[in-house]
Amino acid sequence: MSFNFTLRFCLLLAGLVAGGHFAVAQSPAAAPTASATAAPKRQLQALRITEPIKLDGELNETMWQQATVATDFIQQRPNPGVPEKQKTEVRILYDDANLYIGAIMHDISPDSILREMTQRDQFGNTDLFSIFLDTYNDKLNGYNFTVTTSGVQLDARYSPASGEDWNWNAVWDAQTSQRGTDWIAEMRIPYSAIRFSKAAEQLWGLNFARQRKRDNAQFFWNEVKPEVDGFVNQWGELRGIQNVEPPLRLSLTPYVSAYVNHNLLNADGTRRTTTSFNGGADLKWGINESFTLDATLVPDFGQVQSDNQVLNLSPFEVQFNENRPFFTEGTELFNKGNLFYSRRVGATPIGFYNVAAGDNEKIVRNPSETRLLNATKVSGRTSKGLGIGLFNALSNDVYATIRNTETGEEREVQTQPFSNYNIAVLDQSLKNNSYVSLINTNVTRWGKTYDANVTGGLFRFADKKNAYAFDGSVVYSRRRGTTFGSDDQVSDQDGYKYRVGVGKISGKFTWGLNHGIESDTYNPNDLGILFGNNKITQSLDLGYWKYKPFWKVNNFYLFGQARHTLLYKPTRYQSTSFYLGANTTFTKNFLQVGFDFNVDPRNHDYFEPRVFPLGEYYVRVPGSTSLIVFFNSDTRKKFALGMNAGNSTYALDNRLARDRRVSYRFGAYPRYRVNDHLTFRYSLDWSFDGNQIGYVNGGMSRDEPMDEAFIGQVILGRRDVATVSNVVSVAYTFTNRMSFTLRTRHYTSNVRYADFSVLRPGGGEQLVDYRRNRDNTYNAFNVDAVYSWWFAPGSQISVVWKNAGTSFLQANEATPLYFDNLSNTINTPHNNSVSVKILYYLDYLAFRKNK
């Protein structure tokens, strides 16, 4: 239930929602209805051709005039159900190798057609046309191929696991042109870009979408009703594709790259400037018509965008975005059940933080990343709707180097053993937008350490009317062996979690009721990510969605949640929360406004004390109310602005003579589009948490005389935490295949302690005379400059400059002054890297044809 509720909310807020199905000669348009029943499925007949099509965006060939026309699109936003006034005409042709789509978008004047230039897979202030294909007609999984008026290509996959996944990329081509008051899109989609069965006559799901940005309007050929749950299940049908053989899908994308790194922070006795040359390849092989093998051999991810490093005061790790293409493309099956956190593959070695130098020694090298040897994916779906996915990756041994400062001798300490990462997924599509899935993840490490295995089952069953659904999951985690570098057996050897939910999923009013348990030993973190186990959770979600314009607004969305959690072992109260949110968009100026309101009675934080097993110690968090308001201005204007502001008001904790907790948030996100090629963006995020009570970051150390008397006790500090993040980015797009981007980020967080206390069992605290200065300041600075040129389909040259530096100031060195931190960060020695990488796409089918 939670997935569908969240997906619907995201789609309603997003600028683009799309979907499609294929069919026989088009049936007449159905009259718009206000019910929560999907619209009748239209059909379109594809026309086989024997003569080649010149892809020029003109549609001059006579075959285009002979094909059946899809027209009479229906508006999906901002006013669902209204027929389009500016007509759209779409035709489909096919031959033995490709699908061809020709679309004419009529308009009232050339000025009405917006055409901002962007990078591939990025939306802008532009009109666009999309085709959606459900090649197995399972009403769950689909493809999206989109082209803008400037010829920028976008593509995506749809699945229950990933929703709308724009990280997926295929090799296809499109051309656009403008003719008077019309603009034309011509697309060629090779069969090698999609997967389908060997059936003599194909039946595919099909839809088309058109975005007319001037009106902020989107239209679909087969009506997509926002009150109906699901997207792919609301597409029409494509018929007429006959006697087409799925082609041999075989391609190789070799790469070469060169790096020059200059790092003034390298240890004495090591080179400050280094160079490296790398080579490898990505292989894609269609094992049969349904399954594809993707492999990356000796991968190089050095050019991906830098992580947004932050100061982490919480008891949990920071989850970073995945920017490596191999781990973002075509991973919808592997994301089932949220058991796969791809950053675990090639992550920081498990023994990285345990490297210690002895007397007269120093650490001269300690790699923070594990180098991958290769990674492979096999995935696909049979004609019966069974999805199968296999993922495997190998990483090599990693060693730290320690040097004796007197003799110069060096020794190596292993920080990561040779490891194998594996995922297997079975996903069966069922009728009525339903499915059952089985997922297994496994990590096997060589040597004296532990292995991990997680197995999960998922299900979703909806009724025939797609009005109600019952879903859930059961997961079992297993770990065997000793902790790395120790003889101690891992403690959390067996664990489990489950969740069940039921709810109303379609209509203006929706609800969902969920219950779940995560045992105290449940641990999927070797290949997944978990923020706190050992809990019993139940929640009620409510939503009211008014999709039609009324008063002065286009729509109105109201949603709420009541949530209650208990500690699982021992069973004790943990937290209660109530949430209410709403947003709407004004009709004339497309100003979006909304709020998020929370009421949280007093809760018990069992994780903050860092004492295990949980249950005896917890930090009492006073009851609070929080309000965040936000707005986003009209993105069609040259200047657009988004802002949010909020605060949390806490009850007074009168157990000790302390000031009341306070919390404030503010964010501003202006964007200025100079012209259709050049755009500037700036984001500012500021937060202040006053009188926050938390575990003293860094803990107690036996090397500090002032800590000695408090070792073995849980010390909490009352602190003010002020954080500022600034990001400035510039994007210049030369053509729809060439661009330059510059992104600069500065982050600073200041922690200033006021007093300290000892935490007692049962949440009690006693002030103590602890005098060590624990104030600290963390700064992070990054520059990512990228020039990219797609000089041929699937082939790219990229030149990247990366500049990165961090500083951690403690005690008297810590400063709350922002500009002092900025100056200090800029003047601190940084790591600089310049790299050039060339990818060249080699398609076996094109090679055979040319030969």
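**Some points on the sheet that holds strand β11 (residues 182-190)**
- The five strands are arranged β2-β4-β5-β11-β10 in an open sheet whose pairing can be described as mixed. Sheet topology places β2 (47-48) and β10 (173-179) at the edges, where each strand pairs with a single neighbour.
- The pairing of strand β5 (residues 98-106) with β11 spans nine bridges and is antiparallel. Opposite Asn98, over in β11, you have Pro190 as the bridge partner.

**Side note on the sheet that holds strand β18 (residues 361-365)**
- Read from one edge of the open sheet, three strands run β18-β21-β22, paired in antiparallel fashion. Every other strand in the sheet has two partners, leaving β18 and β22 (410-416) as the edge strands with one partner each. Neighbour-to-neighbour, the strand axes of this sheet turn through a mean angle of 35°, independent of strand direction.
- The pairing of β18 with strand β21 (residues 398-404) spans four bridges and is classified as antiparallel. Pairing of Lys362 across the sheet is with Arg403, part of β21.

**A few points about the pattern of salt bridges**
- In total, this model carries 39 salt bridges according to the counting rule given.
- Its salt-bridge partner being Lys284, residue Asp294 comes within 2.4 Å of it at the nearest N-O pair. On the criterion of sequence distance, the pair formed by Asp294 in strand β17 (residues 291-297) and Lys284 in strand β16 (residues 273-286) is long-range, its members being ten residues apart.
- Classification of Lys284 by relative accessible area gives partly exposed; the value is 35%.

**Considering the nonpolar core**
- By size, the foremost hydrophobic cluster in this structure holds 39 residues, and its most contacted members are Ile92, Leu99, Ile101, Phe129, Ile131, Phe145 and Phe208.
- The set of elements that each furnish at least two residues to this core consists of β4 (88-94), β5, β6 (128-134), β7 (142-148), β11, β12 (204-212) and β13 (217-220).
- If you look at the next biggest cluster of nonpolar residues, it comprises 24 residues, including Ala375, Tyr421, Tyr522 and Leu527.

**Concerning the pairing of strand β19 (residues 372-381)**
- Counting buried residues along β19, seven of its ten residues qualify, which places the element largely inside the surrounding structure.
- Across seven bridges, the pairing between β17 and β19 is antiparallel. Within β19, the residue paired with Ala295 across the bridge is Thr376.
- The pairing of β19 with strand β20 (residues 386-395) spans nine bridges and is antiparallel. Across the sheet, residue Asn374 finds its bridge partner in β20, namely Leu394.
- Counted along the chain from β19 to the antiparallel partner β20, the turn is four residues long, and its residue Gly385 has a positive phi close to 85°.

**Re the pairing of strand β37 (residues 662-673)**
- The sheet contact formed by strand β36 (residues 639-650) and β37 spans eleven bridges and is antiparallel. Among the inter-strand pairings, Ser648 is bridged to a residue of β37, identified as Ser663.
- Inspection of the sheet shows β37 paired to strand β38 (residues 678-695) by ten bridges, in the antiparallel sense. Bridge assignment links Arg671 to a residue of β38, and that residue is Arg681.
- Connecting β37 to the next strand, β38, in antiparallel fashion are four residues.

**Brief notes about unusual backbone geometry**
- Cis geometry is found at the peptide bond from Arg77 to Pro78, where omega equals 5°.
- Assignment of secondary structure puts Pro78 in the loop between β3 (74-77) and β4.
- A cis amide bond links Lys569 with the next residue in sequence, Pro570, at an omega value of -5°.
- Mapped onto the fold, Pro570 is located in the loop between β30 (553-567) and β31 (572-586).
- Located in the positive-phi region is Leu59, a residue other than glycine, with phi close to 60°.
- Relative to the helices and strands, Leu59 resides in the loop between β2 and α2 (62-66).
- Residue Leu59 is classed as buried on the basis of its relative accessible area, which comes to 9%.
- Of note in the backbone geometry, Asn360 takes a positive phi value of approximately 60° without being a glycine.
- Secondary-structure assignment places Asn360 in the loop between α3 (325-328) and β18.

**A closer look at the confidence of the model for the protein**
- Confidence along the protein averages 90 in pLDDT terms, with 95% of residues attaining 70 or more.
- Looking across the protein, the model is least confident in helix α1 (residues 2-13), with a mean pLDDT of 40, and most confident in strand β32 (residues 592-600), with 98.
- Low pLDDT (under 50) marks residues 2-34, which in the prediction has 140 contacts with non-local residues, meaning those over four places away or in another chain.

How each quantity is defined
Residues numbered from 1 in each chain as written. Predicted model: local features only at pLDDT ≥ 70, side-chain atom pairs only at ≥ 80, totals over all residues. Heavy atoms only, no water. Pairing = 2+ DSSP bridges. Helix = DSSP H or I, 4+ residues; strand = E, 2+ residues; numbered from the N terminus. Axes fitted to C-alpha atoms, helices over the stretch in contact; angles between N-to-C directions. Salt bridge = Lys/Arg side-chain N within 4 Å of Asp/Glu carboxyl O. Buried < 20%, exposed > 50% of the residue type's maximum accessible area, 1.4 Å probe, protein only. Core = buried A, V, L, I, M, F, W, Y, C linked by side-chain atoms within 4.5 Å. pLDDT = per-residue confidence, 0-100. Contact = heavy atoms within 4.5 Å.

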